[in-house]
Structures are given as C-alpha cells and as structure tokens.
Amino acid sequence: MHNEDGTTGLAGHKHSIDPVRRKQELLREGEYFRTSVAQARAQIRHAARPDVILHGAIDHATHALRVRADALLRPTGTNVSALMPYGMAAFDFIRQRRLGKQAGTAAILLGVLGWYVHKRRAQSGQA
C-alpha cells in the first residue's frame, strides 16, 4: 500500500510503484536486514567471551579510578595524564634499582603522616 506521497512501510522509505523494481528493493532490504542480524549475532558472541568480559571490567575499573584521581587532583590544576610520565619515570627508576620494598614503606609512612596531619588540622579547626 502506498501513501499519497509515495512512501510505504514503517520507516517511511520511498519505494517504486513498479512491482518488478519494488521486488528488487525489497530483496535488497531483506539482504541488508539479514546482514545486520548476522553482524549483531557475531557481536553478541564476541561480547560473551570471558576474555572480552574481563577486559571490559578492567577498563571500567581503571576508568573509575582515573575519574576519582582526576577529581582529587582538580584543585591543583593538574590531572592524571599530566602526571603519568613522571610517575612512570619514578616507577622505572624504583624497578631498575630494586627499591620496591623501600618505596612501598616510604609510601605507607607518607600516607600515615598525611592522615595524622589531616587529623590534627581537623581537631585544631574544631577547638
């Protein structure tokens, strides 16, 4: 059934009134539909693989951590992307010199010191 403006179908595609051309158009649309269905099935099969699911979960987790780190660094005017080259250089230096345990200990001590200073500032601000 054709409308007054020559469109037909739910998507509003313009089709020919000639039955032979209309059949060719419908066959082309059917082939396109079958190709789309096959591609969607392949994408679903690929996305259901365990390694792809794990990769997606890791991507989501790293993105969430990066967003959190960027939010913490926002007041300083920098972000993770700007600090990453320095962090990688420091990590490489620590790895080459085999200073992992000492660096970990220093990081823990600095974290405890920062927590203590933050706690003291909060207590002096309340008094």
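Summary of the structure given here. In this numbering scheme, every chain counts its residues from 1 along its sequence in written order. Where local features are concerned, this predicted model is filtered to residues with pLDDT of at least 70; where side-chain atom pairs are given and counted, the filter is 80 or more; whole-chain, interface and lining totals use all residues. The side-chain figures draw on all heavy atoms in the structure; neither hydrogens nor water molecules are used.

1. Let's talk about the side chain of Asp70
1) Next: Here Asp70 shows up in helix H2 (residues 50-73).
2) Next: Throughout this description, a polar contact denotes any pair of N or O atoms lying within 3.5 Å of each other; where both atoms belong to protein, one of them has to be capable of donating a hydrogen while the other can accept it, and for residues adjacent in sequence the pair is counted only when both atoms sit in side chains. A distance of 2.9 Å separates a polar side-chain atom of Asp70 from the backbone nitrogen of Val80.
3) Next: Residues contacting Asp70, with those up to four places away along its chain left out, are Asn79 and Val80. Only DSSP runs of H or I with at least four residues qualify as helices, and only runs of E with at least two residues qualify as strands; both kinds are numbered from the N terminus onward. Throughout, a contact is declared for two residues whenever any of their heavy atoms are within 4.5 Å.

2. Section: helix H3 (residues 80-96)
1) Next: Taking 1.5 Å as the rise per residue, H3 with 17 residues should run 24 Å; its terminal C-alpha atoms sit 23 Å apart, in good agreement.
2) Next: Think of it this way: the bend at a residue is just the angle between two axes, each fitted to seven residues, one set ending at that residue and the other starting at it. At Tyr86, H3 is deflected by roughly 25 degrees, the largest bend along its length.
3) Next: One side-chain oxygen at the N-terminal end of H3 lies 3.3 Å from the backbone nitrogen of Ser81; it belongs to Asn79.
4) Next: Where H3 terminates, the next one or two residues include Arg98, which has phi positive at roughly 55 degrees. One fewer than the residue count of a helix, multiplied by 1.5 Å, yields its expected span.

3. A word on the pattern of salt bridges
Where charged atoms from two side chains of opposite charge come close, those side chains can pair.
1) Next: Only one rule defines a salt bridge in this text: a Lys or Arg side-chain nitrogen within 4 Å of an Asp or Glu carboxyl oxygen. In the structure shown here, the tally under the stated rule is four salt bridges.
2) Next: Of the charged contacts in the structure, one is a salt bridge between Arg49 and Asp51, with a shortest N-O distance of 2.9 Å.
3) Next: Any residue under 20% of the maximum accessible area for its type is buried, any over 50% is exposed, and the rest in between are partly exposed; the area is computed with a 1.4 Å probe on protein chains only. By relative accessible area, Arg49 is classed as partly exposed at 38%.
4) Next: For Asp51, a relative accessible area of 43% corresponds to the partly exposed category.

4. Some details on the side chain of Glu25
1) Next: Inspection of the secondary structure puts Glu25 in helix H1 (residues 19-47).
2) Next: When charges are counted, Lys and Arg are positive and Asp and Glu negative, with His and the chain ends excluded. Buried within the structure, Glu25 lacks any salt-bridge partner; its nearest side chain of opposite charge belongs to Arg21, at an N-O separation of 4.7 Å.
3) Next: Beyond its immediate chain neighbours, meaning those up to four positions away, Glu25 contacts His15 and Ser16.

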